[in-house]
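Chain and residue survey
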Amino acid sequence: MTAATLRQVPAELFRRRDLLYLLTWRDIKLKYKQTVMGFLWAMLMPLVIVSAGLIVRYAFARVSGTTFKLDDLVLVTVKAAPWAFFVSAIRFASNSLVANANLVTKIYMPREIFPLAAVLSQLVDFAVAAVVVVVFLGIARVPPRLELLWIVPLMVLLVLLAAALGVFLSAGALFFRDVKYIVEVILTFAIFFTPVFYEAALFGRWAPLLLVNPVAPLLEGLGAAATGRAMPAPGWLAYSAVVSIGGFLASLSFFKRLEPYFAESV
Amino acid sequence: MSDAAVELDHAYKKFRKGELYDSLRDLLPALTARLLRRARRAELGTREFWAVRDVSFEVRRGEAFGVIGANGAGKSTILKLLSGIMEPTLGTVVVRGRLSALIEVSAGFHPDLTGRENVFLNGAILGMTRREIARRFDEIVAFSGLDEFIDTPVKRYSSGMFARLGFAVAAHVDPDILIVDEVLSVGDFVFQQKCVERMTSIIRGGATVIFVSHNLRAVAELCARALLMDRGRAAAIGPPDEVIRTYLAQAEARRASPPGSGVFVSKVEVRDASGPRAHFNSGDRITVDVDVVSRGAYERLAVVVGLKDANEYNVFTASSEGLLGSCFALAPDEAITCSFELDLHLAAGRYRICTWVVRFDSETVYDHWAAAATVFVSSETPVRGVVNLYPTARLGAKRAAPPAAEAAATEPAAIAPDGAARPAS
């Protein structure tokens, strides 16, 4: 039964694509309604992370006696925007079912539409931030190289990973509100365990320990694509890809299995 | 392909009382069992109960089907099973075609979005595509009568406007199967009429309609067949008149609290000056004696007497507290008789007397006897309806009618928008 349900997901989502579109659009619209800055907020979050990263990088450079290079700046910038997307997508998606509880209990629709719309609406924010990053890369005279094409598959995997966690956590949060708090705590501290401000290589032979975090190879890859440094080992990239794609399918299947109990458990 | 649009086959639905999980010890086995799908589904756990028990019925394509029953009888659960919000614990539910539910029609509204934005969002939630919504947008807005406010955030709407816009969207979904759950009570009278007309036209248009309502008259008028739910079971199914009769007979036998505990109505007697009777003439003065017995200490009590016509329409209620201006208290094992005197200015027909014992300030109902007695009223005056207004009539002399054209010209003046008649120019 589960396999069949999972197989029905694409067709059902395609049939309700207008709902997915309108829910995404609603989430974006509501986020910036009655704000003075509007879409500028979409840039603020990555900007704060970049600034924090720059301070950390500068401090590293001073302490270790090396010079602060343009490369460092590019690396932090390129990794900060995807990281900001990843964090806010998970945070937003995991709350999405509870936030739409009145719909979940009253009208039938494929419920995975809620966490997916949440991830998509954050992706729009990311697109706004990405424009700023591209402009910055232009100013920093980063030459357009072939490696930049890596960004596309890496971002796809990052979105899938965020969706996998978002879909799973949204169902979890519906049954246990504890999930919401656990997610908050983990997302707040995750930046310490993820190579956003630094590179995994900094840890020498302990680097693999960092790369076990499936986000790490993806972010490292993005940094490498922008700066022309060496990509993470293909093994690690493959590992991230498997976790992202497999995780997404597993999480959807888990979600569909629990879906019949949503209305009575909210 | 089967002729049935909707089929329920031995459907069961189990619910739990109280909190879902209250301990980890309780939760972990339950969740594992769920995930492994090895829960013993046919058995009831400690605090579980069947909200729907062994219900089977089918609704044919194009049929209007009514579901009636007391509160908590399982009507809404049936609807939730049909609309796919819940899955049956046991048994199967088959729905063939696009199903749309007029249940809480404004559930998808977001207060910060404008009416226009909400029409699109709610339309998509109910299963329409953006193109369909755009095509019918003007129709929807015209139906709601809110075109002036369509670009205002709905948080500034009154609750009536909110419900009207919700119904307007839902009424334009054009489903194969439409589920209606008591939504015809939104908006003002004119809007309600519009809703009934819309429902009728959807039924005439060949859609299958499943209609859940406490309004027995509406069920009798709109539906071809009806189902009576009683404590989770299907108690009767068939032509609406018969099913409604079964329901009423059942209601007469039932009491809100079992007599013998608390404070309750032990006996109701209807009489006139000559003694207990059931048949009266319109205009007779009758006395209703309500005996109340208490097995505990209760205060601020009031007795309410009511009268319902054969269609369950509430004709009249009055409370002892309202009539006397005071309430009463009863000590354990005390009894009291409250006598109401009524003038039966009623049209001919069958009426039921219902009684309540309530705490009048908190409106707590201690006992409700829905069919304490039945009275039959006959009338010499030929009147229909529920009241006897003692009508008389007379015909005046014949005279020439005003010319037809003039009559048409003066007619609008009588219903000028400001309510005042314009002087004829």
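Residues numbered from 1 in each chain as written. Chains lettered and ligands numbered in written order. Predicted model: local features only at pLDDT ≥ 70, side-chain atom pairs only at ≥ 80, totals over all residues.

Observations concerning the overall build of chain B
Across its full length, chain B holds ten helices and 19 strands. When burial is assessed residue by residue, chain B has 33% of its 425 residues classed as buried. Considering only intrachain contacts with a sequence separation of at least 6, the fraction spanning at least 24 residues in chain B is 72%. (Helix = DSSP H or I, 4+ residues; strand = E, 2+ residues; numbered from the N terminus. Buried ≥ 20, exposed ≤ 12 C-beta atoms within 10 Å, placed from the backbone. Contact = placed C-beta atoms within 7 Å.)

Re the overall build of chain A
Helices and strands together make up the secondary structure of chain A, namely twelve helices and zero strands. Starting at the N terminus and walking to the C terminus, you meet the elements of chain A as α-α-α-α-α-α-α-α-α-α-α-α. Along the three orthogonal principal directions, the C-alpha set of chain A runs to about 60 × 45 × 35 Å. Across the 266 residues that make up chain A, the buried fraction comes to 42%.

Considering the sheet that holds strand β2 (residues 48–60) of chain B
All names here are of chain B. The strand order across the open sheet built from three strands is β2-β1-β4, with neighbouring strands paired in antiparallel fashion. Single-partner strands in this sheet number two, and they are β2 and β4 (90–95). Neighbour-to-neighbour, the strand axes of this sheet turn through a mean angle of 20°, independent of strand direction. In terms of strand pairing, strand β1 (residues 4–16) meets β4 through five bridges, oriented antiparallel. (Pairing = 2+ DSSP bridges. Axes fitted to C-alpha atoms, helices over the stretch in contact; angles between N-to-C directions.)

Topic: the interface of chain B and chain A
In many analyses, interface size is given as the accessible surface area lost on bringing the parts together. Taken together, the 23 residues of chain B in the interface contact 18 residues of chain A. By residue number, the principal contributor to the side of chain B that touches chain A is helix α3 (residues 115–125) of chain B, which donates four residues. Partitioning the side of chain B that touches chain A into residue classes produces 13 nonpolar, five polar and five charged. (Nonpolar A, V, L, I, M, F, W, Y, C, P; charged D, E, K, R; others polar.)

Observations regarding the confidence of the model for chain A
Chain-level statistics for chain A give a pLDDT mean of 87 and a share of 98% at 70 or above. Of all the helices and strands in chain A, helix α1 (residues 2–15) of chain A carries the lowest mean pLDDT, 76, while helix α7 (residues 151–175) of chain A carries the highest, 94. (pLDDT = per-residue confidence, 0-100.)

Describing the nonpolar core
In this structure, A:A162, B:I179 and B:F211 are the most contacted members of the largest nonpolar core, which totals 149 residues. Residues contacting B:F211, with those up to four places away along its chain left out, are B:A64, B:F65, B:G66, B:V180, B:V219, B:L222 and B:C223. (Core = buried A, V, L, I, M, F, W, Y, C linked by C-beta atoms within 7 Å.)

Some words on helix α2 (residues 17–32) of chain A
All names here are of chain A. Helix length check: α2, at 16 residues, gives a terminal C-alpha distance of 23 Å against a target of 22 Å (1.5 Å per residue), a fit within 8%. The complete set of buried residues in α2 reads L19, L20, L22, L23, T24, R26 and D27. Just downstream of α2 lies Q34, where phi reads positive at about 60°. (Expected span 1.5 Å × (residues − 1).)

Some remarks on the pairing of strand β15 (residues 314–319) of chain B
All names here are of chain B. As judged from the five bridges shared by strand β14 (residues 298–308) and β15, these two strands associate in the antiparallel manner. Within β15, the residue paired with V305 across the bridge is A318. The turn linking β14 back onto β15 is made up of five residues, and E312 within it adopts a positive phi angle of 70°.

As for the packing of α2(A) against helix α6 (residues 113–139) of chain A
All names here are of chain A. Where α2 meets α6, the closest approach of the two axes is 8 Å, and the angle between their N-to-C directions is 55°. In terms of orientation, α2 lies oblique with respect to α6. Relative to α6, the crossing made by α2 is right-handed. Side by side, α2 and α6 meet where L19, L20, L23, T24, D27 and I28 of the first sit next to I113, F114, L116, A117, A118, L120, S121 and V124 of the second. Of the residues that constitute the contact of α2 with α6, the class distribution is eleven nonpolar, two polar and one charged. (Parallel < 35°, antiparallel > 145°, perpendicular 65-115°, else oblique. Left-handed = near helix turned anticlockwise from the far one by under 90°.)

Quick look at the pairing of strand β10 (residues 263–272) of chain B
Residue and element names in this part refer to chain B. With eight bridges joining them, β10 and strand β13 (residues 285–294) adopt antiparallel strand pairing. When the bridges of β13 are listed, V270 appears paired with V288. As paired elements, β10 and strand β11 (residues 275–276) share two bridges and run antiparallel to each other. Of the residues in β11, the one forming a bridge with R271 is P276. Here β10 folds back onto β11 in antiparallel fashion, the turn holding two residues.

Examining the sheet that holds strand β17 (residues 334–343) of chain B
Read from one edge to the other, the open sheet built from four strands follows the order β11-β10-β13-β17 (chain B), with strand pairing classed as antiparallel. The open sheet has two edge strands, β11 and β17 of chain B, and neither has a second partner.

Quick word on α6(A)
The terminal C-alpha atoms of α6(A) lie 39 Å apart, and with 27 residues this matches the ideal 39 Å at 1.5 Å per residue to within 8%. Just downstream of α6(A), A:R141 is the residue with a positive phi angle, here 55°.

Remarks on the environment of A:S240
Residue and element names in this part refer to chain A. With respect to the helices, strands and loops of the structure, S240 is situated in helix α11 (residues 234–258). With 220 residues separating them in the primary sequence, S240 and L20 have C-alpha atoms 27 Å apart. Among all residues touching S240, those that are not within four sequence positions of it are L157, P214, P217 and L218.

Observations concerning unusual backbone geometry
Residue and element names in this part refer to chain B. In this model, D54 sits at a positive phi of 55°, which is unusual for a non-glycine residue. One can find D54 in strand β2. The partly exposed category is assigned to D54, around which 15 C-beta atoms lie within 10 Å. For R300, which is not glycine, the phi dihedral falls at a positive 55°. Here R300 lies in strand β14.

Some remarks on the environment of A:F136
Residues and elements named next belong to chain A. Looking at the secondary structure, you find F136 in helix α6. Judged by the 16 C-beta atoms lying within 10 Å of it, F136 is partly exposed. Here the alpha-carbon distance between F136 and T24, two residues 112 residues apart in the chain, equals 28 Å.

Some remarks on the packing of helix α4 (residues 70–99) of chain A against α7(A)
All names here are of chain A. Running from N to C, α4 and α7 cross one another at 30°; their axes reach a closest spacing of 7 Å. The angle between α4 and α7 falls in the class roughly parallel. As for the relative orientation of α4 and α7, their crossing is right-handed in sense. Contact residues: P82, F86, A89, I90, A93, S94, N95, S96, L97 and V98 in α4; M155, L158, A162, L165, G166, L169, S170, A171, A173 and L174 in α7. Looking at side-chain class alone, the contact of α4 with α7 contains 15 nonpolar, five polar and no charged residues.

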